[in-house]
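Now for the letters of each chain:
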Amino acid sequence: MWLRFLLCLILTVALAACSSGSQPDRASAPRVPGSAGGDWDSLVAAAKREGKVVVSGPTRELWRTQLVAFEQAYPEIQVEYIGANSRDFWPRVFREREFGQYLWDLRVGGPDPQVYEARDRGALDPIRPFLLLPEVLDETKWFGGMDRMFFDREKKYALGFVSYISFVAYVNRDVVPETELRSLRDLLHPRWRGKIVLQDPRGGAGLSAVEMLLEVYGESLVRDLLTNQEVVVANDLRQQAEWLVRGRYPIALGIVPDAFLSFQDQGLEINIQPIAEETSAIATGTGGLQFFERAPHPNAAKVFMNWLLTRAVQTHLSAATRMNSRRLDVPVVHELTAPDPERLESYIPSQVEEMVPIREQAQRLARELLP
Amino acid sequence: METETVKRGFAFRISHQPDSQTLWCTAVLGVVGFLLLYPLSLLLWNSFQVAQPNREVAIGLANWVTALTEPGMVAAILNTVWLTLVLQLISFPVAILIVWLLARTDLPGKDWIDFLFWIAFFAPSLPITLGWILLLDPDFGLVNQSLKAVFSLEQGPFNVYSFWGIAWVHLATRSVVVKVILLTPFLRNLDSSFEEASRVSGVGPLRTIARVVVPLLLPAVLVVLLMSVIHLLESFEIEQVLGPPSQFYVYSTMIYRLLQFEPPEYGAATALAVMILAVMTPLILLQQWVSRSRRYTTVTGQFHGRRFPLGVWKWPAFAAILGTGLFFTVLPLGFLGLATFMRLFGFFNLPDPWTIDHWQRVMSDPIFLRSLANTILLAGGTVTLAMISFPLIAYIAVRTRFRGRHILDFLSWLPIAIPGLILGLGFLWLFLGTPVLRPLYGSIVVLILAAGISSMTLGVQLVKTNLLQLGQELEEASWVAGGSWFYTVRRVILPMLTPVLVTVGLVAFISAARNIAGIALLVTNQNRPLAMLQLDYMVDGRYEAAAVVGIIVLLLTTGVALLARLFGLRIGIRT
Amino acid sequence: MNETILRLCEVSRFYGPVRAVSRVSLEIREGELFALLGPSGCGKSTTLRLVTGLERPDEGEIYVRNEVLSSVPRRIFVPPHKRNMGMVFQSYAIWPHLTVFENVAYPLRAQGVRGRQLEKKVHNVLELVGLAGVGDRPGPLLSGGQQQRVALARALVYEPQILLLDEPFSNLDAKLREQMRLELKQLQRRVGITVVFVTHDQEEALSLSDRIAVMESGEVAQVGLPQELYERPGRPFIRDFLGKSVVLQGEVARLGSDHRAEIQLVGDLRVTLAVPNTTFSSDSVGQRVLVAIRPEDILVEEGAAGDSCNRLEGTIAEMLFLGDRYECHIRVGGQEIILYFPRSTPYREGQPVRVHFPPSALSVWKQKQ
């Protein structure tokens, strides 16, 4: 009886396995050859004929609102927006593509290692050839020029349109005044044992903080910090921000300003400042863009990516997200984290592909030292 | 030789080929087996695929080694075992006592007090956890602060960020309440003569519960305990919030953290999940064995449903149960109210702490209405699917002589033993990889199937255990009296199963409405339910908005529960 | 003689290696009250379930009149709900979620009967079983006796050809049991339905039935009228199961003329009993045998006068008062036999008595080696 059942099972699985995989996808448009240098208007016309663009991006409502506003500029093109975490998004995309489902045009998200993996798997098409609008192509309008806008090795796949200084540590100065804690090295002082909260260093801002410490101060400081200072690991941004604001853990590593600024929005008086650094990281956070290979609506996608990078859109976007745009002709929304174009070379771009080995090393260290 | 006639219209030919019942059963087994084993085997296979630095994939045990040697794993396992034991030891006796009082005695108000426990069950647990932090935070907790003031203490006595804090929050949210809900239909099905016999021989009510009621209900008790243990093995919300300061991690946190890596380590996480299954298997087999080894029939054609008179204990018991019920509802609802009407949850010292802003923003979110509609569709669809398939599977497992019935029973345990996060990936594979199902990818049907599979274990086991309580003669009497199989099901079996079906339906409804992990990889713009919106708010740090969504789901489910109650109370065993 | 309504031909049912029912053949006539009698585990309930179709036979055929209900060689099986039989289960199986009325109406509804006609039939049958006016009560709130009547009403309401009862009275107390037995018999006579019932109570079987089939270990041991079975049991098992017997051991001493044999009792009894000779031939002399007699056939004589054939001397060892009579234990030689005396008996404990075993009341049984 077991044998019969097992046989049926194997047969079923085999059937399913055989029939999956090389299926023609159902809704793909034929591959459009690169229209680099083509006419903008004919691109827009082609996009309107496609009628739709499928975009995945951050889950926050304000991102959604800002990005769906594309429909106001181009009423004939509908934006299908799905908010998803990169951790949930990329595994899913990879599986879908394995089964011949090509469902996405664009991804708005930071250039984390899964993006580079996607490029390696051939899931991404370059963006750079398809930037057409003059205001987008103007080198002088971008912090560090257009080369630095792209985070991948070849400088054409993973774009970042935000640039902000990603400070390693923020301190609640009502609890810990400036005089007592001045630099990152001071974090090793026994006085701060049990007072530091680090965002989950498995990814995201938490990992970036460890990555920066590793890069700038070396492995021994990181080891010392993570082993001896009883660093508490927070699992979500709000919790970490609240602990910081309430002073339970007055020092927060790997926190994004927006997390505690929202407290201020609600009327709470806070005094939270970053620890000054000689060398700071610049990041783009979730403000990145990738273009999918075999996108179902490639022309609409190209129109969208250009639209996203225009001054008007970047202005609205940065005002809403409180993240400074990489465009230099967009007003700065958060002074503290605005990088200085004069000191361009002093910043470390923490999310570029060249930093990935350091990032991985930081991840390994954190994994080893933090239970 | 007399001529013989044969009622050809009714008789059917037996041959050595299986008859129609066996064919149906095999079909069910095939479908269920496929839906469960296909994703699981793919997941398992995936756990043996080790990512190499050059982006190649090799086959090996590295993922398993990683999983087991993850720093803190041993501590996490010990914490889990310890937490499980403590919670079960405390919550089970409390729950049994509550259920017994509600179901078997003449406690006043028993018809509506149990509804309080349902409301408690529907309430979202995260805002309530935050509420308890508000009360029991060692520095800022209101209870601690007032005790400090009153008793001039240096330090508040309670620390919610500790083992006992975590245990307390578990007890105050789910542990007791779930058991009460799940055990009630089974206690209702007890023929009172068992307890009366015990009383007559001079054994008091508490010992009667321990010596007579619990053993009679052994299959149901084991199912509920097993479920509680598994839920605990997979719950991490509370530990996630309360664990970090004391570095208290549990098994499920380890699984969750593996998936938080950039990129997520599904292989190692699956290894850990499979190990849950391995640990669960002997317990599941034990439960199966116990169910088969004796007869647990308590509802026969001579059913007596008399109530145990409480006498002088009536009003004290009423006060105690009502108090308990209110504790589980009023306090959480209070927290929920705080969470949604305060600008910042727990910050009373703002210039203007109260607002309806969160409600406004949530309800005016463009995708709110669509999400609400999707949730109703999803939950409703799941319940429909559940009401058809779970009793069917349970019936095959218990009442037929189909040779695959034990396998079917075991299969029904699988979904709960795999954490939702992993199951979600499995579902993705299932729906992408099966030609029949692929066209459905992206539709609400896929979410319904996923949610249905997720709640299969509880549903099937509850119905199965209830069937064990019903004497087989009640069905046989129907057959002999001229009822065909379908007629018997419609007029005898389903009505008698109604109380448990109502429970199963409501639990399926709420778990579909709340299911995040299992469907996260399957949502699209069209089928996004409210649960995903809630997750988005959480990730964004907007606890208050998330709490608003939680309350909306609570209201929705409570409404459905009220309807179901009215319906269910009119059917079922009359006592 | 009425024609056969239910026929079982060589019906068997196995559970693995165990033969629960083994090659049972029965012919039950229309209108009779037929009992399946035997100890637990003899297969009587299984046989009943085979008749209803709740179990499937592994061998044999079952007919109702000329219709095949089940035939293993021809691979025919009519499912239970098409057999039009009524059954009362041992536990009555009253549905707890329905009222009395609905319980009884159930078979009619299943057939599609509705409205006035349904109500009429249900009320008629409730009256028949003595439960008029109880229709609205929920099932679980009835007493045992009432539940049994409801079960009966439910089985009769659709006028089946055959009524089957599985140990119908075993759950009732003694008084109710006797009352229900009588009522059942009266009901059956009135309605004229064929009744097959299963019981382990021999008194019940003897008093109620027109014919009895005694079953042992899955087989039919003997079928006959109650009196036949009682007076002329075919097997020791039946002899001991029905009623009581006094059994003495002995040896064939001599074969006499006029169909008589003489049995020498062993033990301290130096007595020879004359018995009717129906089984012995000349080479049976010396064979060990058992001699059996019913207690009520044993005669007690005063004094020592008269014919000494088949008489034994003994003493009354104990007399137990049973209310309506005395159970008397008499020591005869080294053995004890039991007799019953009426309440007015003059005998007392310790009194010597003479017991007389009339030859015509004696039966002889070969003793197993």
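Calculation notes
- Residues numbered from 1 in each chain as written.
- Chains lettered and ligands numbered in written order.
- Predicted model: local features only at pLDDT ≥ 70, side-chain atom pairs only at ≥ 80, totals over all residues.
- Helix = DSSP H or I, 4+ residues; strand = E, 2+ residues; numbered from the N terminus.
- Buried ≥ 20, exposed ≤ 12 C-beta atoms within 10 Å, placed from the backbone.
- Contact = placed C-beta atoms within 7 Å.
- Pairing = 2+ DSSP bridges.
- Axes fitted to C-alpha atoms, helices over the stretch in contact; angles between N-to-C directions.
- Nonpolar A, V, L, I, M, F, W, Y, C, P; charged D, E, K, R; others polar.
- Core = buried A, V, L, I, M, F, W, Y, C linked by C-beta atoms within 7 Å.
- Parallel < 35°, antiparallel > 145°, perpendicular 65-115°, else oblique.
- Domains from an automatic or database assignment.

Even after reading the chapter, I still don't get the overall build of chain A, so can you show me in this structure?
In terms of helices and strands, chain A carries 14 helices and 14 strands. Within chain A, buried positions represent 49% of all 371 residues. When contacts within chain A are restricted to residue pairs at least 6 apart in sequence, long-range pairs at least 24 apart make up 79% of them.

How do you make sense of the sheet that holds strand S14 (residues 348-349) of chain A when you look at a structure like this?
Backbone-to-backbone hydrogen bonds pair the strands of a sheet. The strands run either parallel or antiparallel. Residues and elements named next belong to chain A. Read from one edge of the open sheet, three strands run S6-S12-S14, paired in mixed fashion. One side of each edge strand has no neighbouring strand; the edge strands of this open sheet are strand S6 (164-166) and S14. Here two bridges tie strand S12 (residues 281-283) to S14, and the two strands are oriented parallel to one another. Directly across from alanine 281, in S14, lies its bridge partner isoleucine 348. Helix-sheet contacts for helix H8 (residues 204-217) involve S6, S12 and S14, and the interaxial angle to S12 is about 145°.

I keep staring at the interface of chain B and chain A and nothing clicks. Help me out?
By a widespread convention, an interface's size corresponds to the accessible area lost as its parts come together. Each partner contributes residues to the interface: chain B has 52 residues there, and chain A has 54 residues. Elements that contribute at least two residues to the side of chain B that touches chain A include exactly helix H1 (20-47), helix H11 (237-242), helix H19 (420-433) and helix H24 (530-539) of chain B. For the side of chain B that touches chain A, the element with the highest residue contribution is H1(B), accounting for six residues. Of the residues belonging to the side of chain B that touches chain A, the class tally is 29 nonpolar, 13 polar and ten charged.

Got a minute to help me understand the nonpolar core in this structure?
In summary, soluble globular proteins display a tendency toward joint burial of nonpolar side chains. In terms of nonpolar packing, the biggest core is built from 361 residues, with Ala169(A), Leu244(A) and Phe304(A) touching the most fellow members. When residues of this core are assigned to their parent elements, the largest contribution, 14 residues, is made by helix H23 (residues 485-514) of chain B. Setting aside residues no more than four positions away along its own chain, Ala169(A) makes contact with Leu184(A), Leu187(A), Ile251(A), Ala252(A), Leu253(A), Pro274(A) and Ile275(A).

What is the right way to look at the arrangement of the chains in this model?
Contacts are most numerous, across the two pairs of chains in contact, for chains A and B. The least C-alpha distance between chain A and chain C, which are not in contact, is 17 Å.

Explain the sheet that holds strand S21 (residues 363-366) of chain C to me, please; I cannot follow it from the model alone.
Residues and elements named next belong to chain C. Here we have five strands laid out as an open sheet, ordered S14-S13-S12-S15-S21, and antiparallel in their pairing. With partners counted over all chains shown, the strands left at the sheet margins are strand S14 (272-276) and S21, one partner each. Looking at each pair of strands side by side, their axes are set apart by 45° on average, direction ignored. Examined bridge by bridge, strand S12 (residues 246-255) and strand S15 (residues 288-293) share six bridges and lie antiparallel to one another. Across the sheet, glutamine 249 pairs through a bridge with leucine 290, a residue of S15.

Can you walk me through the environment of Leu33(C) in this structure?
All names here are of chain C. The topology assignment puts leucine 33 in strand S3 (residues 33-37). Separated by 44 residues in the primary sequence, leucine 33 and phenylalanine 77 place their C-alpha atoms 26 Å from one another. Once residues lying within four places of it in the same chain are set aside, the contact partners of leucine 33 are Lys185, Gln188, Val195, Leu208, Ser209 and Asp210.

It is not clear to me how the environment of Leu350(B) should be interpreted in this structure. Could you clarify?
Position of Leu350(B) relative to the elements: it lies in the loop between helix H14 (314-341) and helix H15 (357-363). Classification of Leu350(B) by C-beta neighbours within 10 Å gives partly exposed; the count is 16. In this view, Leu350(B) contacts Gln266(A), Gly267(A), Leu268(A), Arg343(B) and Leu344(B); residues no more than four positions away in its chain are not counted.

How should the packing of H1(B) against H19(B) be read in this particular structure?
When two helices pack together, their arrangement is given by the angle between their axes and by how far apart the axes lie. Residue and element names in this part refer to chain B. Running from N to C, H1 and H19 cross one another at 110°; their axes reach a closest spacing of 8 Å. Comparing their axes, H19 and H1 come out roughly perpendicular. Each of Leu35, Tyr38, Pro39, Leu40, Leu42 and Leu43 in H1 lies in contact with H19, whose residues at this interface are Ile422, Leu425, Gly426, Phe427, Trp429 and Leu430. By residue class, the composition of the contact of H1 with H19 is eleven nonpolar, one polar and no charged.

Hey, could you run me through the domain arrangement of chain A in this one?
Residue and element names in this part refer to chain A. Here chain A is described as being made up of domain 1 (38-164 + 284-339) and domain 2 (168-279 + 358-369). For domain 1 versus domain 2, the distance between C-alpha centres works out to 30 Å. With six residues of domain 1 in contact, the opposing surface of domain 2 contributes six residues. By residue class, the composition of the side of domain 1 that touches domain 2 is one nonpolar, three polar and two charged.

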